[in-house]
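Descriptive structure summary
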Amino acid sequence: MQKITVISLGPGPRSQLTLGALEQIKKARRLILRTGEVDAARYLTEQGIAYETLDGLHEECEDFDAFIAAAVQKIAKAAARANAVYAVLDALARLNARGHAAYAVGGCVRDSIMGIEPHDWDITTSALPDEVKGCFKKTFDTGIEHGTVTVREDGQSFEITTYRVDGDYEDGRHPKDVTFTRSLTEDLSRRDFTVNAMAYNEKDGLVDIFGGREDIDAKVIRCVGDPVKRFEEDAL
């Protein structure tokens, strides 16, 4: 059997997703819609390309057809992951086109750096909530009092939150009030750990003011600012 080339979608949104790989996965997605997953999987394997970790999978399968069947599930999962990345990048571009700064932020950036598939994607932006809602057709006020709007685009949902500074935490869990700001640095400064205080977009790359990337490499969990204050704000 021919060698399978593994192309990762991480770490970092699209950081290892080459233009050629983008074109291949787009063609595979069209094949899935037009002729079914098996044809798409066969096309990818004929190209010597897979979009999920398929190392060793061919050794576990008795023949090529068995490999195709096993690969279909992993390729479909990777296509879904790519769809989420496309949706987030499109949202960032849409906000930028309206003159607003915007970044993927928090756990999704941390997980991407660590090579883990993000469970969900969060966006932080200089745009105010009403400005965010003006950029998208379908939105929900899931946390409007804290500046958070949920956007639904192309079957994907993600939260977009305005840069903010948190007020006092009276219940050890939630801020009593928030103040919107135009500063990304101020927004990142309110976050709990350095590994969760990183932001990313394609224009600026990784924004890592507090050394979160180094802490990931060193396997260190470190608070942003005063650790006592951080845990008093949110004990969880």
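**Topic: the pairing of strand E4 (residues 122-125)**
Along any regular strand, the residues point their side chains to alternate faces of the sheet. Summarising the sheet, strand E3 (residues 102-105) and E4 pair through three bridges and their orientation is antiparallel. Each bridged residue has a counterpart across the sheet, and for Ala-102 the counterpart in E4 is Thr-125. Here four bridges tie E4 to strand E7 (residues 156-162), and the two strands are oriented parallel to one another. When the bridges of E7 are listed, Thr-124 appears paired with Thr-161.

**Remarks on the pattern of salt bridges**
One pass over the full model with this rule turns up nine salt bridges. A salt bridge links Asp-141 to Lys-133; its shortest N-O distance comes to 3.2 Å.

**Structural notes on the nonpolar core**
Leu-95, Ile-123, Phe-136 and Ile-160 are the most contacted members of the largest nonpolar core, which totals 27 residues. Elements supplying a minimum of two residues to this core: helix H4 (64-97), E3, helix H5 (107-113), strand E6 (148-153) and E7. Among the elements that make up this core, the one with the highest residue count is H4 (eight residues). Setting aside its immediate chain neighbours within four residues, Phe-136 contacts Ala-91, Arg-94, Leu-95, Val-151, Glu-153 and Ile-160. Counting seven residues, the second largest nonpolar core, distinct from the first, contains Tyr-103, Val-105, Tyr-163 and Val-207.

The rules behind these values
Residues numbered from 1 in each chain as written. Predicted model: local features only at pLDDT ≥ 70, side-chain atom pairs only at ≥ 80, totals over all residues. Heavy atoms only, no water. Pairing = 2+ DSSP bridges. Helix = DSSP H or I, 4+ residues; strand = E, 2+ residues; numbered from the N terminus. Salt bridge = Lys/Arg side-chain N within 4 Å of Asp/Glu carboxyl O. Core = buried A, V, L, I, M, F, W, Y, C linked by side-chain atoms within 4.5 Å. Buried < 20%, exposed > 50% of the residue type's maximum accessible area, 1.4 Å probe, protein only. Contact = heavy atoms within 4.5 Å.

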